[in-house]
Number of protein chains: 6
Amino acid sequence: MKIKIINPNTTWSMTRKIGQCARQVAAPGTEIVAVSPDMGPASIESHYDEALSVPGILQEIRLGEAAAVDAYVIACFGDPGLYAAREAARGPVIGIAEAAMHAASMIGASFSVVTTLERTCGIAWHLAERYGMQRFCRKVRACKLNVLELEQPGSAAYRIILEECRQALQQDQIDSIVLGCAGMTDLCRAIEEELGIAVIDGVAVAVKLAESLVHLGLKTGKRGDLAYPLHKPYSGLLQSFAQT
Amino acid sequence: MKIKIINPNTTWSMTRKIGQCARQVAAPGTEIVAVSPDMGPASIESHYDEALSVPGILQEIRLGEAAAVDAYVIACFGDPGLYAAREAARGPVIGIAEAAMHAASMIGASFSVVTTLERTCGIAWHLAERYGMQRFCRKVRACKLNVLELEQPGSAAYRIILEECRQALQQDQIDSIVLGCAGMTDLCRAIEEELGIAVIDGVAVAVKLAESLVHLGLKTGKRGDLAYPLHKPYSGLLQSFAQT
Amino acid sequence: MKIKIINPNTTWSMTRKIGQCARQVAAPGTEIVAVSPDMGPASIESHYDEALSVPGILQEIRLGEAAAVDAYVIACFGDPGLYAAREAARGPVIGIAEAAMHAASMIGASFSVVTTLERTCGIAWHLAERYGMQRFCRKVRACKLNVLELEQPGSAAYRIILEECRQALQQDQIDSIVLGCAGMTDLCRAIEEELGIAVIDGVAVAVKLAESLVHLGLKTGKRGDLAYPLHKPYSGLLQSFAQT
Amino acid sequence: MKIKIINPNTTWSMTRKIGQCARQVAAPGTEIVAVSPDMGPASIESHYDEALSVPGILQEIRLGEAAAVDAYVIACFGDPGLYAAREAARGPVIGIAEAAMHAASMIGASFSVVTTLERTCGIAWHLAERYGMQRFCRKVRACKLNVLELEQPGSAAYRIILEECRQALQQDQIDSIVLGCAGMTDLCRAIEEELGIAVIDGVAVAVKLAESLVHLGLKTGKRGDLAYPLHKPYSGLLQSFAQT
Amino acid sequence: MKIKIINPNTTWSMTRKIGQCARQVAAPGTEIVAVSPDMGPASIESHYDEALSVPGILQEIRLGEAAAVDAYVIACFGDPGLYAAREAARGPVIGIAEAAMHAASMIGASFSVVTTLERTCGIAWHLAERYGMQRFCRKVRACKLNVLELEQPGSAAYRIILEECRQALQQDQIDSIVLGCAGMTDLCRAIEEELGIAVIDGVAVAVKLAESLVHLGLKTGKRGDLAYPLHKPYSGLLQSFAQT
Amino acid sequence: MKIKIINPNTTWSMTRKIGQCARQVAAPGTEIVAVSPDMGPASIESHYDEALSVPGILQEIRLGEAAAVDAYVIACFGDPGLYAAREAARGPVIGIAEAAMHAASMIGASFSVVTTLERTCGIAWHLAERYGMQRFCRKVRACKLNVLELEQPGSAAYRIILEECRQALQQDQIDSIVLGCAGMTDLCRAIEEELGIAVIDGVAVAVKLAESLVHLGLKTGKRGDLAYPLHKPYSGLLQSFAQT
């Protein structure tokens, strides 16, 4: 089984880290392909960045379809382009926020999200609503960290995130913490061990969900809202995106 | 006051029609600029098309900001890129689905939407939820029409839409019908006269809302979720989108 | 176009202030008529006051209909009698809470309301629910001020309201503040300038919405819930209210 | 214990009928006083009629308070003026829609409402939402009957209502039918016997709920939203309503 | 009329206390039978305890049916087995959380629950949702008390509960406090007198609701979700539970 | 990894079938143990049956904990005793309705459930609400089949279920069908092939989800609502259930 993990930003250090974490949890027969698109933002911290990460994601989906990829993971906590990607793909497409929230809802009564910048908290809440997970989400907490600080060796990022997770643990009456950025994937176990509460990394969960759906033969529905996009002309910079 | 209306698809016949309808309702001092982006899909009928219309929209916002545009209207019923556009703009940005649903909620107890393809109904419902208008929306009805059929002289489009509106009027216990596509903007009055029920074209309402907000000095909030996007590198095809 | 603004309380100093603010934002061709009914409470600070302001409102609607008024604004933040007034009127009727909340939902992710007495906060929340605006409303804050203190020259009202708005700005993570009383209409710009956040006065927004709907030919639906009241006998003090 | 039942319309034949039904279910020690106000509409079939029934209701509350009434029932299915009446009263005030829906939620999984005119269905749904009973309400069905047809001897009202109840029974998968008009109070048992499903008359339930709350010493909360109205001048036709 | 109150735990001191409180509010003609099942947990403080209290409840329902009981009260704030009991019973079955929340919704705008252990707060919130009462429930507060501490003479329980109620009164902007444990039934009046706010004991309310429904002839619907359980084999320890 | 699948009814033919289907999807290293409790109902078709299946489930959880089971699946579509089981277990516990609905929400916009008896539809809707999946569930359809008819060789069950699934496919605008009974597990593929739409069997999905959570080290949260039950006396028939 081939699972393609698309880190929608163009920061390959993060992509490699995501790929490693994914491989650690993948089943023996699963091939993990982790990529960044060759276009788009270096990090995703706004609706604007999200929107402009989507063409790159969709390009990777197209390449993936040609390469017989079985399922996709969108490895950014805003799950950008999830529904567009599902339209373009035959197999399942899983967002990491989606995956993490679903898992959290099965192992406890409620969770909090710990994410990067304040301005993205509203995006996380919107996803929670969209997936039906709002009722399980107690709080979305921002660390006031830029995404790329997570990539700087020696930054204070780990310490700051750990501290916010500790606040969540002490104040939010929760059963788990959902990490709100794909760039935190490698911190998951350390925080879990430090705090003694389940810490959920959406990348890992998404890989297992994708494997599960593929194993069960469950593909994206093509009869309704998620049918393949219609053929039509595209122009300018984006003309290569026309479905043919 | 300068209001820029962005038809996010690249079909200029529709853009011209939208511009005309907008000018018919604009106040004397309002300058209407109606454009299509120079990139993207010829019509928008899926999440995929929507997602790929957004870069063009954002490019037009950037051009508009440089040209001191006071407010923007996104003239596609899926309101693609609305929040990203708001981040990039100083003044208000109004979606036509948003505008039409808000107006409908003020003149009656409920409305139905009449739109093009079945597969976009879910998008309309999601917008209704997002704007808080779900409680006023009785039904979203599809005409099984492609968007571009609305542009073909002599097509059966008008007759089919009229018929669906009639069904809505007879079955849905509604006070108004919201037209679910910017390409229907010129049909609004004819249907209204034929059926004797308020028929709401989002383009017209959005122009008036945009004028109103500008007149009142209300701009997009820049303190939180809709602050300007952060400066960061963008690469590849989309590198010109980096905020500077 | 003639727009009648009904201040449902009988305090004409407030009515005049409301009329002035309305005229400042009205379009050139709009005639603003601001009135108080000749019956009812001197101020509205409870369900009881609201209920007893409604006959006066409906009397003014009747007079307005006879005088070919095009649209009405109910200038009390509880939007008393809104649906009854819509039944009695041909054209649109807009409540100032309704108007302010709708506008706030278009320029930011969320807003807080700053109102007078604690006991009216529940009324504001109920309106937010009714208009679908609950999801945008972060908090309803009371200033512990009586409505009529807003009319006393030299009162501490402005300072107290400003302080509560400042709290909202600092604590609520909002993009705008909605003023929760028609009597605050003249304070809007001063607070906005002091705090640097959008402050929304429902009177001004309602005037623009009313103008917009009239301009677009959108009238109150008369086919269903908001049809004209049926003819029937009324007795006693209220016998003149019978529809004939 | 003294319970005052206020039929908010001025049709005394209905008031007497309501009083009789109330007395049939009241406990031995309960004195039932059934009244119509001396002002207001002959029947209530719109927001307009509702709004104009409220002054009469509030006058009856005031008289009741002076006469040491222990609890009130508002005997119109729109529960007009419920919150205003609660402010003015020391003891409990129960609406018949409220009472009926609560009872229905305890004896089955869901109910339908059978009411008079189509245009009042929205009012019933709003009440269901307000009381938290929306989740139990499957359908609100109109009989296309004017309220006063219920008072005409020999009218087809009973047959028409029975037929609509039968439709509800057969189509709605419900456990009970809530009668949506106080004027149907005397039909309850006959329909129940004819159809073999619980048929709930709000008048009867409201009497028992009022008795229960009084018996338990539970009074309307006076600390917050439902505190007594403030003292202030009232003018014109309504000047006698000032709280003193 | 015979009403059976089932205290689902096996602590008879609590059962007796519950019975006494019930008798104090029952109508003259009402016979109160208060029992504990002969199987199950000594106290109920988790989903586990709740689940294992249900067989005992259902046994008592069966005995009650044989003894022509008219209605049942389940006297544990988690309302365990409510729907199963309704299936097995002919007459109404009322839970004390259900009863208390419904009453609270009629005498004020909102209430808080004061209960025993933190871990049961989620259960209370779930019930509030299920009964439609979530919109009235401001907060569920835990006292960190085990249920059985309420039964120990001289324990600090009363003082601790009183203190939590005082916090609720001061912080929650509520009109009443709902006691979240049947074992608090005897504390109700004392707290009410101490604090001057309505304090609602579900046992008392449930008795009055049960009496009311029986008096009105309203029984559990047997046409749908709450029909009698089907006949089928049961085995092992529970074989006597087979419906025959 | 050891996963225990508890068929909460005592019909071992169904248990064996469930075990076989589970083994077909399990990963190589997963040991599947499929059991029925030695107490309880032969089939589960009501709240009553559900409630009385729970002691058996909890007994199997206890046995499982002693046998170092890593995760549990409750293989009845009502997910009986899910939260009680989670309290008693260290590892994850997954209900098959929960599993199926979650999977359905990831591969399409909406699903319908096809279940056995009409009377259980309300249970399915309640679960959908509880898991946040209500927004994805278009319809719950009953086949009017008793559960045990699924076990009778040569019964019409398959044909009837297939027909109902076909209706769902044609009328509900869905992307997948969720089978609403563990006893249908073996019909999944045949229906899927017949109809060409994804048909989801909760048993299979639950196995993969359980494997995934175990693989990721995610256990049931023990800090709050799902902490181990407290030690306390249990009496009578159920005395062996006391936690020690």
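Quick caveat: nothing in here was measured; it's all calculated off a predicted structure.

Caption draft 1: Examining the overall build of chain A more closely. Assigned secondary structure in chain A consists of 8 helices and 10 strands. Relative to the compact-globule value of 18 Å for 244 residues, chain A shows a C-alpha radius of gyration of 17 Å, a close match. Scored against the burial criterion, the 244 residues of chain A give a buried share of 71%. Looking at chain A alone, contacts between residues at least 24 apart form 70% of all its contacts between residues at least 6 apart. Of the roughly 7500 Å² that chain A leaves accessible, carbon and sulfur atoms contribute 51%.

Caption draft 2: Representation of the relation of the copies chain A and chain B in the model. The two copies are related by a screw motion: chain A maps onto chain B through a turn of 180 degrees and a shift of 0.0 Å along the axis, at an RMSD of 0.0 Å. Overall, the copies show the geometry of a two-fold rotation axis. Of the residues that chain A buries at the interface, 100% are likewise interface residues in chain B, meaning the two copies contact each other through the same surface.

Caption draft 3: How the structure looks around the interface of chain A and chain B. On the chain B side, the residues contacting the 46 residues of chain A number 46 residues. Contact between chain A and chain B buries roughly 3900 Å² in total, counting both sides, with carbon and sulfur atoms accounting for 58%. On the chain A side of the contact with chain B, A:Tyr48, A:Arg119 and A:Leu237 bury the most area, a combined 20% of that side's loss. Taken together, the links from chain A to chain B amount to 6 salt bridges. When the shortest N-O distance is used, the salt bridge between B:Lys232 and A:Glu45 registers 2.7 Å. Inspection of the chain A/chain B interface yields 29 residue pairs in polar contact (both at pLDDT 80 or more). Ranked by the residues each element gives to the side of chain A that touches chain B, the list is headed by helix α2 (residues 47–66) of chain A, at 9 residues. Looking at the side of chain A that touches chain B, its residues break down into 24 nonpolar, 12 polar and 10 charged. Of the strand pairs in this sheet, strand β3 (residues 40–41) of chain A and strand β10 (residues 234–235) of chain B are connected by 2 bridges, and their pairing is antiparallel.

Caption draft 4: Broad picture of the domain arrangement of chain A. Residue and element names in this part refer to chain A. What the domain assignment lists for chain A is domain 1 (2–95 + 204–241) and domain 2 (97–202). Taking only C-alpha atoms, the centre of domain 1 and the centre of domain 2 are 21 Å apart. Each partner contributes to the interface: domain 1 provides 28 residues, whereas domain 2 provides 30 residues. Note on domain 1 versus domain 2: buried area summed over both sides is about 2200 Å², and carbon and sulfur give 61% of it. Together, Lys17, Glu45 and Phe77 form the three largest contributors to the area buried by domain 1 at its contact with domain 2, with a combined 35%. Linking domain 1 with domain 2 are 3 salt bridges. The closest approach of N and O atoms between Glu98 and Arg86, which form a salt bridge, is 2.8 Å. At the boundary of domain 1 and domain 2, one finds 19 residue pairs in polar contact (both at pLDDT 80 or more). For the side of domain 1 that touches domain 2, the secondary structure elements donating two or more residues are α1 (12–25), α2, α3 (82–88), β5 (93–95) and α8 (202–215).

Caption draft 5: Representation of the packing of helix α1 (residues 12–25) of chain F against helix α8 (residues 202–215) of chain F. Residues and elements named next belong to chain F. As a packed pair, α1 and α8 sit with axes 9 Å apart at the nearest point and diverge in direction by 50 degrees. It follows from the interaxial angle that α1 and α8 lie oblique. The handedness of the crossing between α1 and α8 is right-handed. Facing Ile18, Ala22 and Val25 of α1, the residues of α8 in contact are Val203, Ala204, Val207 and Lys208. Classifying every residue of the contact of α1 with α8 gives 6 nonpolar, no polar and 1 charged.

Caption draft 6: Fine view of the packing of aromatic side chains. For the structure on display, the rule yields 6 aromatic pairs over all chains. Between the aromatic rings of C:Tyr48 and D:Tyr234, the centroid separation amounts to 6.2 Å while the plane-to-plane angle is 65 degrees, which identifies the pairing as edge-to-face. On the criterion of chain membership, the pair formed by C:Tyr48 in helix α2 (residues 47–66) and D:Tyr234 in strand β10 (residues 234–235) is interchain, its members lying in two chains. A relative accessible area of 7% places D:Tyr234 in the buried class. Over the aromatic face of D:Tyr228 sits the side chain of D:Lys222, whose NZ or CZ is 4.1 Å from the ring centroid.

Caption draft 7: How the structure looks around the environment of F:Ile6. Residues and elements named next belong to chain F. Within the secondary structure, Ile6 sits in strand β1 (residues 2–6). For Ile6, a relative accessible area of 0% puts it in the buried group. Considering only alpha carbons, one finds Ile6 and Arg16, 10 residues apart in sequence, at a separation of 11 Å. Here Ile6 is in contact with Val35, Pro37, Ile57, Glu60, Ile61, Tyr72, Val73, Ile74 and Ala75, once residues within four sequence places are set aside.

Caption draft 8: Region of the structure containing the sheet that holds strand β6 (residues 111–115) of chain E. Residues and elements named next belong to chain E. Sheet architecture is open: 4 strands sit in the order β7-β6-β8-β9, paired in parallel fashion. Strands with a single pairing partner mark the edges of an open sheet, and in this sheet they are β7 (137–142) and β9 (198–200). Ignoring strand direction, the axes of neighbouring strands in this sheet form an average angle of 25 degrees. Bridge count for β6 against strand β8 (residues 176–179) is 4 bridges, and the pairing is parallel. If you follow Val114 over to β8, its bridge partner there is Leu179. Its contacts with the sheet place helix α6 (residues 157–171) against β6, β7 and β8, and it is angled at close to 155 degrees to β7.

Caption draft 9: Region of the structure containing the pairing of strand β2 (residues 31–35) of chain B. All names here are of chain B. Pairing between strand β1 (residues 2–6) and β2: 5 bridges, direction parallel. Across the sheet, Lys4 pairs through a bridge with Val33, a residue of β2. Regarding the hand of the β-α-β motif, the stretch spanning β1, helix α1 (residues 12–25) and β2 is right-handed.

Caption draft 10: Broad picture of the side chain of A:Asn9. Residues and elements named next belong to chain A. Looking at the element boundaries, Asn9 is found in the loop between β1 (2–6) and α1. Asn9 gets classed as buried once you look at its relative accessible area, which sits at 3%. Within the structure, Asn9 has its side chain in polar contact with the backbone nitrogen of Thr11 (distance 2.9 Å). Contacts of Asn9, omitting those with residues within four sequence positions, involve Met14, Ser36, Pro37, Pro41, Ala42, Ser43 and Ile44.

Caption draft 11: Representation of α8(A). All names here are of chain A. Here α8 contains 14 residues, and its C-alpha end-to-end distance of 19 Å stays within 8% of the 20 Å for a straight helix at 1.5 Å per residue. Within α8, 13 of the 14 residues are buried, which leaves it mostly tucked inside the rest of the structure. Sitting at the head of α8, Asp201 places a side-chain oxygen 3.2 Å from the backbone nitrogen of Val203. Remark: Gly217 follows α8 within two positions and exhibits a positive phi of approximately 75 degrees.

Caption draft 12: View of the pattern of salt bridges. Across all of its chains, the model carries 84 salt bridges over all chains by this definition. Two residues, A:Glu192 and A:Arg189, come together in a salt bridge whose shortest N-O distance is 3.8 Å. With a gap of 3 residues between them, A:Glu192 and A:Arg189 both fall in helix α7 (residues 188–195), about one helical turn apart. Taking relative accessible area as the criterion, A:Arg189 reaches 42% and is therefore assigned partly exposed. Between C:Lys4 and C:Glu60 there is a salt bridge, and its shortest N-O distance comes to 2.8 Å. With a gap of 56 residues between them, C:Lys4 in strand β1 (residues 2–6) and C:Glu60 in helix α2 connect regions that are remote in the sequence. The buried category is assigned to C:Lys4, whose relative accessible area is 6%.

Caption draft 13: Fine view of the arrangement of the chains. One thing to see here is that chain A and chain D don't touch, and their nearest C-alpha atoms sit 17 Å from each other. Left apart from each other, chain C and chain F have a closest C-alpha approach of 17 Å.

Caption draft 14: The arrangement of unusual backbone geometry in detail. Here B:Asp79, not a glycine, exhibits a phi torsion of approximately 45 degrees, which is positive. Judged by relative accessible area, B:Asp79 falls into the buried class, the value being 4%.

Caption draft 15: Examining the sheet that holds strand β7 (residues 137–142) of chain F more closely. Residues and elements named next belong to chain F. Taken together, the 4 strands give an open sheet; going across it, the order is β7-β6-β8-β9, and neighbouring strands pair in parallel fashion. Looking at the sheet topology across the chains shown, the edges are occupied by β7 and β9 (198–200). Neighbour-to-neighbour, the strand axes of this sheet turn through a mean angle of 25 degrees, independent of strand direction. Here 3 bridges tie strand β8 (residues 176–179) to β9, and the two strands are oriented parallel to one another. In the sheet register, Ile177 faces β9, and the bridge partner there is Val199. Taken strand by strand, helix α4 (residues 96–107) contacts β6 (111–115), β8 and β9, and its axis lies near 160 degrees from that of β9. Against the sheet, helix α7 (residues 188–195) engages β8 and β9, with an angle of about 160 degrees to β9.

Here is what the cut-offs are and how they apply
- For every chain, the first residue of its written sequence is number 1, and the numbers climb from 1 along that sequence.
- For naming, the first written chain is A and the first written ligand is 1, with later ones following in the order written.
- Only residues with pLDDT of at least 70 are given local features in this predicted model, and only at 80 or more are side-chain atom pairs given and counted; all residues enter the totals for whole chains, interfaces and linings.
- Note that water and hydrogens are dropped before the side-chain values are worked out from all heavy atoms of the structure.
- The way it works is that DSSP assigns letters per residue, a run of H or I at least four long becomes a helix, a run of E at least two long becomes a strand, and they are numbered from the N terminus.
- The globule rule is 2.2 Å times the number of residues to the power 0.38, and the radius of gyration it is compared with is taken over C-alpha atoms.
- Here the term buried applies to any residue with accessible area under 20% of the maximum for its type, exposed to any over 50%, and partly exposed to those in between, with areas from a 1.4 Å probe on protein chains only.
- Working rule for contacts: check all heavy atoms of both residues, and any pair within 4.5 Å makes them a contact.
- To measure how exposed things are, a 1.4 Å probe is used in the Shrake-Rupley method; for residues, cover is taken only from the protein chains shown.
- In superposing the copies, a least-squares fit is computed on C-alpha atoms, taking residues whose pLDDT is at least 70 in both.
- Buried area counts how much accessible surface, traced with a 1.4 Å probe, disappears from two parts once they are put together, with both parts' losses summed.
- Here, a salt bridge means any Lys or Arg side-chain nitrogen found within 4 Å of an Asp or Glu carboxyl oxygen.
- Between N or O atoms, a polar contact is any pair within 3.5 Å; within protein, one atom must be a potential hydrogen donor and the other a potential acceptor, and residues adjacent in sequence are included only when both atoms are from side chains.
- Under the scheme applied, nonpolar residues are Ala, Val, Leu, Ile, Met, Phe, Trp, Tyr, Cys and Pro; charged residues are Asp, Glu, Lys and Arg; polar residues are all the others, including Gly.
- For two strands to count as paired, DSSP must find a minimum of two bridges between them.
- All the domain ranges listed were derived from an automatic or database domain assignment.
- To obtain each axis, a line is fitted to C-alpha atoms, and for helices this fit is confined to the stretch in contact; angles are then taken between N-to-C directions over 0 to 180 degrees.
- For this classification, under 35 degrees means roughly parallel, over 145 means roughly antiparallel, 65 to 115 means roughly perpendicular, and everything else is oblique.
- Left-handed describes a crossing whose near helix is turned anticlockwise from the far helix through less than a right angle; right-handed describes the clockwise counterpart.
- Any two rings among Phe, Tyr and Trp, with Trp reduced to its six-membered ring, count as a pair given centres within 6.5 Å; such a pair is stacked if its planes are under 30 degrees apart, edge-to-face if over 60, and tilted if neither.
- Charge over a ring is defined by NZ of Lys or CZ of Arg lying within 6 Å of the ring centre and within 35 degrees of the ring normal.
- The definition of a right-handed crossover adopted here requires that, viewed with the strands pointing away, the path from the first strand over the helix to the second runs clockwise.
- Expected span of a helix, by definition, is 1.5 Å for each gap between consecutive residues, and there is one gap fewer than residues.

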